[in-house]
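Examining the three-dimensional arrangement
Each chain, written out:
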Amino acid sequence: MSPPIRFEMRRRTFLVGTASAVVAANIPWRANAQPTSLAGPERSTFTLVVNGEPRELAVDNRTTLLDALREHLQLTGTKKGCDHGQCGACTVNVNGERINSCLSLAVMHQGDEVTTIEGLGTPQQLDPMQQAFFDHDGFQCGYCTPGQICSAKAVLEEIRDNVPSHVTQDLTARIEATDEEIRERMSGNICRCGAYANILEAIHQAAGEPT
Amino acid sequence: MDFNQPADQNLFDRATVVGKPHARIDGLLKVTGTAPYAYERHDVVAGQLYGYPVGSAIAKGRIVAIDADAARSAPGVRGVVTTLDIEPLGIWNYNVARLFGGDVVEHYQQAIAVVVAETFEQARAAAALIETTYERDAIDVDLEAGWQRMQGTGEPSTQVGDVDAAFDSAAVTLDQMYHTPSQTHAMMEPHASIVDWSDGGQMTVWTSSQMIEWNRQALATTFGIEPDRIRVESPYIGGGFGGKLWLRADAVLAAIGSRALGAPVRLALPRPFMINNTTHRSATIQRIRLAAGADGKLTAIDHEAASHTLPGGRGENATAQTPYFYAAPNRRVIHHLVEMHLPEASDMRAPGEASGLMALEIAMDEMAEKLEMDPVEFRILNDTQVNPSDPSIPFSERHFVECLREGADRFGWADRNTTPGGRREGMWWIGHGMAGAYRGHLNLKSGARATLSNGRVIIETDMTDIGTGSYTILAQTAAETMGLPMGRVEVRLGNSAWPVSSGSGGQFGAASSTAGVYAACVALREQIAERLGVSDPEFSDGNVVAGDNVTPLSAITEELSAEDSINFGGFQTEDYLMATFGAHFVEVAVHVATGETRVRRMLAVCDSGRILNPITARSQVIGGMVMGTGGALSEELAVDLEHGFFANHDLAGYEVAVHADIPHQEVVFLDTVDGVATPLKAKGVGELGVCGVAAAIANAAYNATGVRVRDYPVTLDRMIDQLPAV
């Protein structure tokens, strides 16, 4: 468990709404960006186990796991859609759980097992979930797709492990991979092309495959 | 190839590949994360630096000073270029605000500086150190006030008959106001570019653009250089929806950074920056008046709308469909452009109709109710096969009535409860609604090169695939025309080195670019025939067949290449009106206590020419229905009236539909071929899917509860105080 992060909200000057601002035409007006300061070592060296392979990294401490993958390891299958944990395009699997890799600093993952879309399959040998997305046209532009696929695999595992969701009605019964459960659990992965109905069909197909 | 008259019977009427379901040929790359998008091109050029943008913190005014000293001396920073460092850049035809240069601020988060550093983290941190001093001008971002000013003024764009007299004598009339909010494309891949302009000579741009040639021309105009010195590549695009039609700040800032530092620069617009820095769909205010006889026939349609724009822009013309969609002898249509100081309003999926039908199709529902008619029958009664504003012009094909009847039949429309608030299931009011869909069809000239090489055909064109399925349908077109299996066709897209195509936008891409590939393949066939010394051969099963003379294409060892374009003749717009039609049916549940609306079932029936690939076409339509659901229930850019920007400028605050919002969706294509449109008899379908959906949902919510919401999105706060007592 990571320690809670302490931070202080600093309102940027331009957000301090005052009535005078409306009539302040032609008055020199200043917007101060939040200053940054760095304390301690700025870079760290550590090892990630990415798709089964140990990869040593020496990166700026501010580097997210997402950027470590995309920019430093050049594993660009994991996508940056928002960089703020709002879209799910950067979903990867870390130590058996799906996370938004943009919300996690790479330096926090010393020794962690990271599985990305590249670790699931290749065009010549697809993972069953990749095959299911292909079969059901579960994508259009393809940009959210790796995140959807990584999430979808984890969703089925979470259901098999009987991890309840917001829509689980009976916490004592075995959870089934129903439409409602899948939709709820996939809702952190936005697809602006709107392939949701096809993705649902794909996940059902993959759910029927032996694991 | 000139297309100067409607297509007669041709090979596409006996097609074996075109029109058949075929999985996307780019699909394996996309499901494995190996399709390279703009910001991922580590391989194309060595020594790429990272750029990070800085945007204006005011909506309008002048920059007095930018202090970039701290940024320039920050760790890893290689350079900073501010907008004060360079002369104002040129502005290309379809851009409104200047993308960079000079001290004038036209909108919030207009780019004012670019920081270039060795890493992304360094560039981002240094960008936050830049301090800017502004002179701030007063702003006007109040669309409602603009509407009040302009309502009743101006020259109508369409005026037929005597609207006022028709209203005076009508048995039934409707006069209502509707509001649609500003919307943002919110495509999943941010605007991103890598630009190498290191030596100031050749500029190479790896970007995410729907329109390669427009991008190239815009770069040339912006920087005042010859287009021949620019090459643009965009083979994979993570969504666009109109937001990537134009050159934007990502490519401009990367180019400036590259030029300044003599190294290639990569730059992606941060998500919270995109909504105010790039374009959006303008909000609209619409007044719709309908008049009808007691028989239900419309006698007059009066549609007046307003949208906002920066000075010189186009706004969102919500009246786009009103001259054409329904019959009525008297008609007045006018759209007011209200100049405001919000970011640049521009095209988003089905610009015009998407917003216009959100209002018009509620009005039609309300009018049907006033007339005590079924809303499906009311629309059927007011169908027209000619342009109602100019009855000498017929629609090339129009099967709107079939869409309505087929949809009603499949949906079980006849079995619905017709009394608003009359059906409850547990904690939910259940309602059904429908709406018509209309979207104009347009073709653009489109070119391609077809090359025969070792029995395979390679198609090269600057056409783009923004998720629409261009790779696949172009391969199908080439396979059909050359008589080859799909596996022997390769399609290369999105490179300005290749022939100029229509590009992707305005739902013109599929129809135009497949016709262009057909033209190139016909030219290649002629070359092959000449090479073999045969006349008018058939191309089938991989062979060239001329009488008893059968030559496998694979036996031609010489590489043959042909280039051609499809040029669409004036007859299409002079003699016909081309459009696409649809009908949407939805079932919603509205929570009896909270007013939360959930969509439970959706059906669309589409009339949009030959469907080139039912898999990719269906995905386009369900995607439109998803976007329409967001538009109905959650999407709204909130304007900060004091500071003039969109406050909810990220994907947490701007709520698009997610998995949990979308039910089972059914799509039916009537597959009505349209020989006027193209040799393949195809029309666009990508924007039709979003048209009318939101109104169908709003109408269903009314049927469920009896609460008529005319202002989008239909959120619970707009219903809760009027819900039936429980």
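Basis of the calculations
- Residues numbered from 1 in each chain as written.
- Chains lettered and ligands numbered in written order.
- Predicted model: local features only at pLDDT ≥ 70, side-chain atom pairs only at ≥ 80, totals over all residues.
- Heavy atoms only, no water.
- Helix = DSSP H or I, 4+ residues; strand = E, 2+ residues; numbered from the N terminus.
- Buried < 20%, exposed > 50% of the residue type's maximum accessible area, 1.4 Å probe, protein only.
- Areas by Shrake-Rupley, 256 points an atom, 1.4 Å probe, with all protein chains shown as cover.
- Polar contact = N/O pair within 3.5 Å; in protein donor to acceptor, adjacent residues only side chain to side chain.
- Contact = heavy atoms within 4.5 Å.
- Domains from an automatic or database assignment.
- Buried area = accessible area lost by both parts, 1.4 Å probe.
- Salt bridge = Lys/Arg side-chain N within 4 Å of Asp/Glu carboxyl O.
- Pairing = 2+ DSSP bridges.
- Right-handed = clockwise from strand over helix to strand, strands pointing away.
- Axes fitted to C-alpha atoms, helices over the stretch in contact; angles between N-to-C directions.
- Lys, Arg positive; Asp, Glu negative; His and termini not counted.

1. Structural notes on the overall build of chain A
- Regarding its fold elements, chain A presents six helices and six strands.
- Starting at the N terminus and walking to the C terminus, you meet the elements of chain A as α-β-β-β-α-β-β-β-α-α-α-α.
- The burial tally for chain A puts 50% of its 211 residues in the buried class.
- Summing over all exposed atoms, chain A offers an accessible surface of approximately 10400 Å²; the carbon and sulfur share of this is 51%.

2. Some points on the side chain of Ser346 of chain B
Residues and elements named next belong to chain B.
- By secondary structure assignment, the location of Ser346 is in the loop between β16 (330-339) and α9 (353-370).
- Overall, Ser346 belongs to the buried group, its relative accessible area being 1%.
- Separated by 3.0 Å, the side chains of Ser346 and Trp246 make a polar contact.
- Excluding its chain neighbours within four sequence positions, the residues that come into contact with Ser346 are Trp246, Thr279, His280, Arg281, Arg314 and Gly315.

3. Observations concerning the domain arrangement of chain A
Residues and elements named next belong to chain A.
- For chain A, the assigned domains are domain 1 (43-119) and domain 2 (128-207).
- The gap between the C-alpha centroids of domain 1 and domain 2 is 22 Å.
- Domain 1 puts 14 residues into the contact, and the matching count from domain 2 is 16 residues.
- Counting the surface lost from both domain 1 and domain 2, the interface buries some 1200 Å², and carbon and sulfur atoms represent 51% of this.
- Our count for the domain 1 to domain 2 interface comes out at one salt bridge.
- A salt bridge links Glu158 to Arg98; the nearest nitrogen and oxygen atoms lie 2.9 Å apart.

4. With respect to the pairing of strand β21 (residues 489-492) of chain B
All names here are of chain B.
- The side-chain alternation of β21 yields one buried face, formed by Val489 and Val491, and one unburied face, formed by Glu490 and Arg492.
- Where strand β20 (residues 456-460) lies against β21, four bridges are found, and the strand directions are parallel. In the strand pairing of β21, Val457 is matched with Val489.
- Traced from β20 through helix α12 (residues 470-482) to β21, the parallel crossover comes out right-handed.

5. Focus: the sheet that holds strand β6 (residues 113-115) of chain A
All names here are of chain A.
- A sheet is described by the order of its strands in space; here five strands give the open sequence β3-β2-β6-β4-β5, paired in mixed fashion. Each edge of the open sheet is held by one strand with a lone partner, namely β3 (53-60) and β5 (97-100). Ignoring strand direction, the axes of neighbouring strands in this sheet form an average angle of 40°.
- With two bridges connecting them, strand β2 (residues 43-50) and β6 associate as parallel partners. Bridge assignment links Val50 to a residue of β6, and that residue is Val114.

6. Overview of the interface of chain B and chain A
- Between chain B and chain A, the residue contacts involve 79 residues of the former and 70 residues of the latter.
- On the surface where chain B and chain A come into contact, there are five salt bridges.
- Here Arg24 of chain B makes a salt bridge to Asp137 of chain A, at a shortest N to O gap of 2.6 Å.
- The tally of links between chain B and chain A comes to 28 residue pairs in polar contact (both at pLDDT 80 or more).

7. Focus on the side chain of Arg271 of chain B
- Relative to the elements of secondary structure, Arg271 of chain B occurs in helix α8 (residues 271-277).
- For the buried Arg271 of chain B, no salt bridge is present, and the opposite-charge side chain at shortest range is Asp650 of chain B, 8.6 Å distant.
- Within the structure, Arg271 of chain B has its side chain in polar contact with the backbone oxygen of Met188 of chain B (distance 2.9 Å).
- Other than its neighbours up to four places away in sequence, Arg271 of chain B contacts Gly81 and Cys82 of chain A together with Ala186, Met187, Met188, Glu189, Pro190, His649 and Leu651 of chain B.

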